[in-house]
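Working through the structure, step by step
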Amino acid sequence: MRRSKLVVVIAAMLVLGVGIVVATLPGPHPAKPASHPVKTAACGVLANAPTYKHVIVIMEENHSYGSIIGSGSAPYVNSLAASCGLATNYHNVTHYSLPNYLAITSGMSLSALSPFYNDCLPSTCTTNAPSIFTQTFAKAYEESMPSNCDWSGSDVYAPKHNPYLYYQGKTGCSTRDVPLASLVTDFQTQATAPSFAFVTPNLCNDTHDCSVATGDEWLNTNLSALLATPVYQSGNTAVFLVWDEGEPGSAGANCASNTSDQGCHVALLVIAPSVNLGTQVGTLFNHYSLLRTVEQLLGLSYLGQAQSASSMVQGFNL
């Protein structure tokens, strides 16, 4: 049928109210967008900071600032950085992984962290240092952990990335150190959402063993789901996305104020309803600053090195 006759027939069918089913012809798939836009209004929703009742820290692994921020492999993370808050001069405390996890949750000094430089397992090394896990209603969410409060590890779950296990004074480990699957469920209601949540993706999704792109896709799915929960949408939850350490690095390095070593410079994103869109803060911050900020938001006393660390509350309008 010629094109002109086809147009006449279709027009006549429309006039007569006859339904038309349009088939999709095979062809090339549309190009994927260059970036993943933030799926919900995560930041810039409140002009004034509320009283924050919940704080979530998500820990990624082993990438310096420059391999994340501005990287085409992390479109979702960079869309969050552009639409929420970014600390541009943020530093890990030392190397390797475990001391940084403990610094964020206890404020232990570099010398106190020295027994943990080799990423020892909780079956062989623990600490009696106080931690945020005993200061408030806190939970650790560990992706791919075989069972609650698991010390054994697996191919993709590393106990050294689960700081809750290392504190001797912890209580309720069987209910407070849980697999990741319950995170979004807990944040459906204020009653079940902990005041402090520490979130650890597995060894692939935290970019330890897999690519930055893999971690970015994981965040696009899982962080987006968290930001869409009723608790976050109620406006009283702040989320910090951070990397444990940069690369390269040597065990025991003093990174907290080292601005010349790229292995000491990592990305930290601040995602909260009162963070102004596209905020960037260049103040020197580190993992102790993150602990101080979390404790300040939740009205807790400052542990260890958090007592003298710089707070991020004012800079990010928290």
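For the structure, check the block above.
First things first, this report covers the structure right here in the doc. (Residues numbered from 1 in each chain as written. Predicted model: local features only at pLDDT ≥ 70, side-chain atom pairs only at ≥ 80, totals over all residues. Heavy atoms only, no water.)

**Comments concerning the state of the cysteines**
- Considering all chains together, one arrives at 5 disulfides under this definition.
- Each sulfur of the disulfide joining Cys204 and Cys210 lies 2.1 Å from the other. Since a negative S-S torsion denotes a left-handed disulfide, the Cys204-Cys210 link at about -110 degrees is left-handed.
- By relative accessible area, Cys204 is classed as partly exposed at 22%.
- Here Cys255 pairs with Cys264 through a disulfide, and the sulfurs are 2.1 Å apart. Here the S-S torsion is close to -50 degrees, and the disulfide linking Cys255 with Cys264 is therefore left-handed. (Disulfide = S-S within 2.5 Å. Buried < 20%, exposed > 50% of the residue type's maximum accessible area, 1.4 Å probe, protein only.)

**Side note on the pairing of strand S6 (residues 237–243)**
- Among the 7 residues in S6, 7 count as buried, and that is most of the element.
- Pairing geometry for strand S1 (residues 54–60) and S6, over 7 bridges, is parallel. Residue pairing for S6: Val55 is matched across the bridge by Ala238.
- Across 4 bridges, the pairing between S6 and strand S7 (residues 265–271) is antiparallel. (Helix = DSSP H or I, 4+ residues; strand = E, 2+ residues; numbered from the N terminus. Pairing = 2+ DSSP bridges.)

**Notes on the environment of Val77**
- Among the structural elements, Val77 can be located in helix H2 (residues 75–83).
- A residue is classified by how much of its surface remains accessible, and Val77, at 2% relative accessible area, is buried.
- For the pair Val77 and Leu241, spaced 164 residues apart in the sequence, the C-alpha separation amounts to 9.1 Å.
- For Val77, the residues in contact, after removing those within four places along its chain, are Ile68, Asp216, Leu219, Leu241, Trp243 and Leu269. (Contact = heavy atoms within 4.5 Å.)

**A short note on the packing of H2 against helix H6 (residues 212–227)**
- At their nearest, the axes of H2 and H6 sit 7 Å apart, and the two run at 45 degrees to each other. Compared by their axis directions, H2 and H6 come out oblique. Together, Pro75, Tyr76, Val77 and Leu80 of H2 and Asp216, Leu219, Asn220, Leu223, Ser224 and Leu227 of H6 make up the contact between the two elements.
- Here the residues of the contact of H2 with H6 sort into 7 nonpolar, 2 polar and 1 charged. (Axes fitted to C-alpha atoms, helices over the stretch in contact; angles between N-to-C directions. Parallel < 35°, antiparallel > 145°, perpendicular 65-115°, else oblique. Nonpolar A, V, L, I, M, F, W, Y, C, P; charged D, E, K, R; others polar.)

**Let's talk about unusual backbone geometry**
- Cis geometry is found at the peptide bond from His95 to Tyr96, where omega equals 5 degrees.
- Residue placement: Tyr96 occurs in the loop between strand S2 (85–91) and helix H3 (97–106).
- Going from Glu247 to Pro248, the amide bond is cis rather than trans, its omega being -5 degrees.
- Considering the arrangement of structural elements, one finds Pro248 in the loop between S6 and S7.
- Phi is positive for Asn62, which is not a glycine, with a value near 55 degrees.
- Topologically, Asn62 is positioned in the loop between S1 and H2.

**Some points on the pairing of S1**
- By the criterion of burial, S1 is predominantly enclosed, with 7 of the 7 residues buried.
- Of the two faces of S1, the one lined by His54, Ile56, Ile58 and Glu60 and the one lined by Val55, Val57 and Met59 are each fully buried.
- With 4 bridges joining them, S1 and strand S5 (residues 196–200) adopt parallel strand pairing. Residue pairing for S5: Val55 is matched across the bridge by Phe196.

**Thoughts on the packing of H3 against helix H8 (residues 287–298)**
- Axis separation between H3 and H8 bottoms out at 7 Å; the angle between their running directions is 30 degrees. With respect to H8, the axis of H3 lies roughly parallel. In this structure, the crossing between H3 and H8 has a hand that is right-handed. Contacts from Asn100, Ala103, Ile104, Thr105 and Ser106 in H3 reach His287, Tyr288, Leu290 and Leu291 in H8.
- Taken together, the residues of the contact of H3 with H8 sort by class into 5 nonpolar, 4 polar and no charged. (Left-handed = near helix turned anticlockwise from the far one by under 90°.)

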